[in-house]
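Observations on the three-dimensional arrangement
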Amino acid sequence: SPTLAERILMATGRGKPPPVLRAVDGVDLSIARGEVLGLVGESGCGKSTLARVITGILPPTSGEVVYDQRKVAGLKGRDRLDYLLKVQMIFQDPYASLDPRMKVSRIVGEALSLHKLVPKAQIDEAVDRALTEVGLDTAYRERYPHQFSGGQRQRIGIARALAVKPDFLVCDEPVSALDVSIQAQVINLFMDVRARHGLTYLFVSHDLGLVRHISDRVAIMYLGRIVEIGPAAEIFATPAHPYSAALIAAIPSAARRKQAFKPLGGELPSPLAPPPGCPFHPRCPQAMAVCREIRPPLAEIAPGRSAACHLHTPPEAA
Ligand code: SF4
Ligand code: MG
């Protein structure tokens, strides 16, 4: 069955009105320049949809994306192109996102020539610079995607993004399709590149063990909503939301990383028909009577930290 993001894409792709479902319902997310925000949750929780909304691939069904104090939906022409270039997406499957008929030189240089970002005579040089930066031999420019390993293909994807000099990388599960032994190398590349260029990252992953290593702040999503957000060190030390606590308790050892991620009993409810009250209550070990009735808002529980749970912000007695 299709994922939430696919359903949204299919629904919008057919030209029908957007579904009632808001995959990223009431998400209030801000990211500071230069920080790495890890966005975590089970598959189907809306992480990829949120990533696509932020990069402008998918229009938000409600709400807005504001970048550098400007509403993205209102950007036109050159301003919109600037945004689409500044905010680059790195996809989970580097093979599916690279055109198999194109040589590496064209994949990496395409946006540069299409949008005339550098003079024609300097495109080869820019491509070589991007390849070198991601640790690929410049001789590879004449090869095709199928001639590379998964890790190398993801490096090509990163080179393509870097070629246009982005400010912000939205990385959607960028290493989860790679062998565990290769994951660390690619993660190190992400971190090197970030340090060199002062980039901002939204790093989407179901792998909390990975997110813990690289994130300044973490946002935990459940059924399309952020249920906890705050500094990574604080959330990992003292998770406030029972769902965060369950995810952290279930961080697998490196050897078990590839196994299906299922930290809790019970199925993930359909986001199309979320449970009433706190959407997490059917799976929550600490659920109270009020949790079945009233949805807890995402509320500040300490400076820079918010959670959506009645344990932290009890509703007023009626
Ligand atoms: Fe659990 Fe209730 Fe908190 Fe929801 S509001 S996470 S059900 S304790
Ligand atoms: Mg996804």
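Residues numbered from 1 in each chain as written. Chains lettered and ligands numbered in written order. Predicted model: local features only at pLDDT ≥ 70, side-chain atom pairs only at ≥ 80, totals over all residues.

**Quick notes on the packing of helix H4 (residues 104-114) against helix H5 (residues 123-133)**
- H5 packs onto H4 with a crossing angle of 125° between their chain directions and a minimal axis gap of 9 Å. Of the possible angle classes, the one that applies to H4 and H5 is oblique. Seen along the crossing, H4 lies across H5 with a hand that is right-handed. Together, Ser 105, Val 108, Gly 109, Leu 112 and Ser 113 of H4 and Ile 123, Ala 126, Val 127, Ala 130 and Leu 131 of H5 make up the contact between the two elements. (Axes fitted to C-alpha atoms, helices over the stretch in contact; angles between N-to-C directions. Helix = DSSP H or I, 4+ residues; strand = E, 2+ residues; numbered from the N terminus. Parallel < 35°, antiparallel > 145°, perpendicular 65-115°, else oblique. Left-handed = near helix turned anticlockwise from the far one by under 90°. Contact = placed C-beta atoms within 7 Å.)

**Focus: the site of ligand 1**
- Near ligand 1, the surroundings consist of 14 residues, among which Cys 278, His 281, Cys 284, Cys 291 and Cys 309 are the closest.
- Grouping the amino acids of the shell around ligand 1 by side-chain chemistry returns ten nonpolar, four polar and no charged. (Near = placed C-beta within 6 Å. Nonpolar A, V, L, I, M, F, W, Y, C, P; charged D, E, K, R; others polar.)

**Looking at the environment of Pro 231**
- Here Pro 231 is to be found in strand S8 (residues 225-231).
- Overall, Pro 231 belongs to the partly exposed group, with 16 C-beta atoms counted inside 10 Å.
- As for Pro 231 and Arg 217, which are separated by 14 residues in sequence, their C-alpha atoms are 4.2 Å apart. (Buried ≥ 20, exposed ≤ 12 C-beta atoms within 10 Å, placed from the backbone.)

**Considerations on the domain arrangement of the chain**
- Here the chain is described as being made up of domain 1 (25-215) and domain 2 (239-251 + 273-318).
- Measuring from the centre of the C-alpha atoms in domain 1 to the corresponding centre in domain 2 gives 33 Å.
- If you look at the interface, domain 1 gives four residues, while domain 2 gives four residues.
- Split into classes, the residues belonging to the side of domain 1 that touches domain 2 amount to two nonpolar, one polar and one charged. (Domains from an automatic or database assignment.)

**Topic: H5**
- Of all the residues in H5, the buried ones are Ile 123, Ala 126, Val 127, Ala 130 and Leu 131. In an axial view of H5, the angular spread of the buried residues amounts to 135°, which keeps them on one side of the axis.
- Two residues or fewer after H5 comes Gly 135, characterised by a positive phi angle close to 80°. (Arc of directions from axis to C-beta.)

**Considerations on the nonpolar core**
- Among the nonpolar cores identified, the biggest contains 69 residues, and Ala 159, Leu 202 and Ile 220 are the most heavily contacted of them.
- The element contributing the most residues to this core is helix H6 (residues 150-163), with six residues.
- Residues from two domains meet in this core; each of domain 1 (25-215) and domain 2 (239-251 + 273-318) gives at least three.
- Other than its neighbours up to four places away in sequence, Ala 159 contacts Val 108, Ala 130, Leu 131, Glu 133, Val 134 and Leu 136. (Core = buried A, V, L, I, M, F, W, Y, C linked by C-beta atoms within 7 Å.)

**With respect to unusual backbone geometry**
- One non-glycine residue, Glu 173, adopts positive backbone phi at about 50°.
- We classify Glu 173 as buried; it has 20 C-beta atoms within 10 Å.
- Its identity as a non-glycine residue notwithstanding, Leu 223 has a phi of 45°, on the positive side.
- Take Leu 223: it is sitting in the loop between strand S7 (217-222) and S8.
- Residue Leu 223 is classed as buried on the basis of its C-beta count, with 23 C-beta atoms lying within 10 Å.

**As for the sheet that holds strand S9 (residues 299-302)**
- Strand order in this open sheet of eight strands is S4-S5-S6-S1-S7-S8-S10-S9, and the pairing throughout is mixed. Two strands bound the open sheet, and with one partner strand each, they are strand S4 (87-90) and S9. Ignoring which end each strand starts from, the neighbouring axes of this sheet average 25° apart.
- By the bridge criterion, six bridges tie S7 to S8 in an arrangement that is antiparallel. Paired with Ile 220 across the bridge in S8 is Glu 228.
- Along the sheet face, helix H10 (residues 242-249) touches strand S1 (36-40), S7 and S8 and points at about 105° away from the line of S7. (Pairing = 2+ DSSP bridges.)

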